[in-house]
Amino acid sequence: MIELGVNIDHIATVRQARRTVEPDPVWAAVMAEVGGADGITVHLREDRRHINDRDVTILRETVRCKLNLEMACVEEVVNIACNLIPNQATLVPERREEITTEGGLDVAGQKKGVQEIVRRLQDCGIVVSLFLDPDLKQIEAGLQTGCNAIEIHTGRYALAKNELDQNTELNRIINAGKMIVDAGLRLHAGHGLTYHNVLPIAGISKMQELNIGHSIISRAFMSGLREAVAEMKRLILSVAKN
C-alpha cells in the first residue's frame, strides 16, 4: 500500500495572508485524516511564512497518523525537531526568496553536515528522509548518510511541457528509485504531483509514500466553494425570516 502524505502548508498560507486565525491548519489536518491521509506534512521554514511554531506544537499533540516535518539543515529547526519528535523529518533545501522548494537537497556538497543532522534526529527516535533530485550522484551521497528514506523531487517531471520530456523525467525517477530500493531504504516521492500526473509515479515499483499538497488544497477550495457560499447566503437570508 502506498501512503499518502497531505501537505497542509497552503492552508497556513491563506491564514497568513490576513494574519488571522483561519483557516486553521490544525483543523485541516483533522479533515485530511478523516479523508484517509496516512500522514500530515508541514514545512517549518526559518521565516515562518506559513506554518509556525504554534501549529507544529498542536499538530504533534493532535495528529493521529504520521506527522512529517519538512525542515532545512539549520540548528534552530533541528533543535525544534528534537524537542517535538515528529514521526518523520524530511531534510529539504531552503532559500528565503523562493516561492516553494525549487529542487532537491545538495547532499554531495555537504555530506558530513547532513550525516551529523541525520544522526542527531535518529538518536531522538525520528525517522529521517532526504528530499533529493533523481540524480544518481546525489542519491549515492544520500545513501551514505545513514538516512531511512529518500523522497525523490518530482518537480521537473511535473513541469514537463510534452510527453517526451515527461517520459524522460519519469525514467530518471524510476532509475533513482531502483537505486534507493536496492539499498534497502524507503522510496518516497513528491512535489508538483496532481490528479493528472500522479498515476505513473504511484506505479513505480516499491513506491511507499507520496507527499502531495498544492493540488489537493486547490481541489478542496473549488469543490467546497459552492456549499460555503450557499451556507453564508442561508445565514444572511435567515435575518429576513426572523
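Reading guide: rules and limits
- Residues numbered from 1 in each chain as written.
- Predicted model: local features only at pLDDT ≥ 70, side-chain atom pairs only at ≥ 80, totals over all residues.
- Heavy atoms only, no water.
- Phe/Tyr/Trp six-rings, centres within 6.5 Å; stacked < 30°, edge-to-face > 60°.
- Lys NZ or Arg CZ within 6 Å of the ring centre and 35° of its normal.
- Core = buried A, V, L, I, M, F, W, Y, C linked by side-chain atoms within 4.5 Å.
- Buried < 20%, exposed > 50% of the residue type's maximum accessible area, 1.4 Å probe, protein only.
- Helix = DSSP H or I, 4+ residues; strand = E, 2+ residues; numbered from the N terminus.
- Contact = heavy atoms within 4.5 Å.
- Axes fitted to C-alpha atoms, helices over the stretch in contact; angles between N-to-C directions.
- Parallel < 35°, antiparallel > 145°, perpendicular 65-115°, else oblique.
- Left-handed = near helix turned anticlockwise from the far one by under 90°.
- Pairing = 2+ DSSP bridges.
- Salt bridge = Lys/Arg side-chain N within 4 Å of Asp/Glu carboxyl O.
- 1 Å grid on protein atoms, 1.4 Å probe; cavity = no way out; pocket = protein on both sides within 12 Å on 5 of 7 lines; lining within 4 Å.
- Points joined across faces, edges and corners; volume = space filled by probe spheres on them.
- Nonpolar A, V, L, I, M, F, W, Y, C, P; charged D, E, K, R; others polar.
- Right-handed = clockwise from strand over helix to strand, strands pointing away.
- Expected span 1.5 Å × (residues − 1).
- Arc of directions from axis to C-beta.

Visitor: Looking at this structure, how should I read the packing of aromatic side chains?
Guide: Two measures describe an aromatic ring pair: the distance that separates the ring centres and the angle between the ring planes. Scanning the model with the defined rule gives 0 aromatic pairs in all. Sitting above the plane of the Tyr-195 ring, Arg-219 keeps its charged end 3.9 Å from the centroid.

Visitor: Mind showing me how you'd approach the nonpolar core here?
Guide: Note on soluble globular proteins: their nonpolar side chains tend to be buried together. Formed by 59 residues in total, the largest nonpolar core has its most connected members in Ile-40, Leu-91, Leu-121 and Ile-201. Per-element tally for this core: the top contributor is helix α4 (residues 75–84), with 6 residues. If near-sequence neighbours (up to four positions away) are discounted, Ile-40 is found in contact with Val-6, Ile-8, Ala-29, Ala-32, Glu-33, Val-63, Cys-65, Lys-66, Leu-67 and Asn-68.

Visitor: I'm lost on the packing of helix α6 (residues 136–143) against helix α8 (residues 163–182) in this one. Help?
Guide: For any two helices packed against each other, one specifies the inter-axial angle together with the distance between the axes. At a closest axis distance of 10 Å, the pairing of α6 and α8 adopts a crossing angle of 20°. Classified by the angle their axes make, α6 and α8 are roughly parallel. Once α6 is placed against α8, the crossing between them reads as right-handed. Only Asn-175, Ala-176, Met-179 and Ile-180 of α8 make contact with α6, whose side of the interface consists of Leu-136, Ile-139, Glu-140 and Leu-143.

Visitor: Just to check I follow, could you spell out the side chain of Thr-154 for this structure?
Guide: Its place among the elements puts Thr-154 in the loop between β6 (149–153) and α7 (155–158). Look past the residues within four positions of Thr-154 in its chain and what remains in contact with it is Ile-173, Ala-189, Gly-190, His-191, Leu-193 and Ile-201.

Visitor: Please explain the sheet that holds strand β8 (residues 207–212) as it appears in this structure.
Guide: Overall, parallel pairing links the 8 strands, which are arranged β1-β2-β3-β4-β5-β6-β7-β8 in a closed barrel. Between one strand axis and the next, the sheet turns through 25° on average, direction left out of account. This element, α8, spans β6 and β7 (186–190) of the sheet and lies at about 175° to β6.

Visitor: Explanation requested: the pattern of salt bridges in the structure shown.
Guide: Two side chains with opposite charge may pair up if their charged atoms get near one another. Taken as a whole, this structure holds 17 salt bridges when the rule is applied. Note that Glu-3 is salt-bridged to Lys-66, the shortest N-O span being 3.1 Å. Taken together, the positions of Glu-3 in strand β1 (residues 3–7) and Lys-66 in strand β3 (residues 66–71) put the pair 63 residues apart, joining distant regions of the chain. Here Asp-55 ties to Arg-54 by a salt bridge, and the two come within 2.9 Å at their closest N and O atoms.

Visitor: Would you explain the pairing of strand β5 (residues 127–132) in this entry?
Guide: On a regular strand, each side chain points to the face opposite its neighbour's, so the side chains alternate between the two faces of the sheet. Of all 6 residues in β5, 5 are buried, a share of seventy percent or more. Of the pairings in the sheet, the one linking strand β4 (residues 88–91) to β5 comprises 4 bridges and is parallel in character. From the neighbouring strand, Ala-89 faces β5, where its bridge partner is Val-128. Across 4 bridges, β5 lies against β6 in parallel orientation. Note on β6: the bridge partner recorded for Phe-131 is Glu-151.

Visitor: Explain the layout of surface pockets to me, please; I cannot follow it from the model alone.
Guide: A water-sized probe rolled over the atoms picks out the places where empty space is left. When its volume is computed, the largest pocket comes out at roughly 1100 Å³. Forming the walls of the largest pocket are 29 residues, and the residues nearest its centre are Ile-11, Pro-23, Met-31, Ala-220 and Phe-221. Those elements that place two or more of their residues in the lining of the largest pocket are β1, α1 (9–18), α2 (25–34) and α10 (214–241). A total of 12 residues in the lining of the largest pocket trace back to one element, the largest contributor, which is α10. When the residues that make up the lining of the largest pocket are grouped by side-chain class, the tally is 20 nonpolar, 4 polar and 5 charged.

Visitor: Help me understand the pairing of β3, please; the structure alone is not making it clear to me.
Guide: In terms of residue burial, β3 counts as a mostly covered element, since 6 of its 6 residues are buried. Here strand β2 (residues 39–43) pairs with β3 via 5 bridges, running parallel. Each residue of the ladder has a partner; that of Val-42, found in β3, is Leu-69. Handedness of the crossover joining β2 and β3 through helix α3 (residues 53–62): right-handed. Across 4 bridges, the pairing between β3 and β4 is parallel. Bridging from a neighbouring strand, Met-71 pairs with Leu-91 of β4. Where the polypeptide runs from β3 across α4 and back to β4, its parallel neighbour, the crossover connection is right-handed.

Visitor: Would you explain helix α5 (residues 111–123) in this entry?
Guide: In an α-helix, one turn spans 3.6 residues, which is why side chains three or four residues apart end up on the same side. Its 13 residues place the ends of α5 18 Å apart at the C-alpha level, agreeing with the 18 Å of an ideal helix rising 1.5 Å per residue. Considered for burial, the residues of α5 that qualify are Val-114, Ile-117, Val-118 and Leu-121. Looking straight down α5, one finds that the buried residues subtend no more than 105° of arc, so they occupy a single side. Among the exposed residues of α5, those pointing more than 90 degrees away from its buried face are Lys-112 and Asp-123. Tucked into the core, α5 has its buried residues touching β3, α4, β4 and β5.

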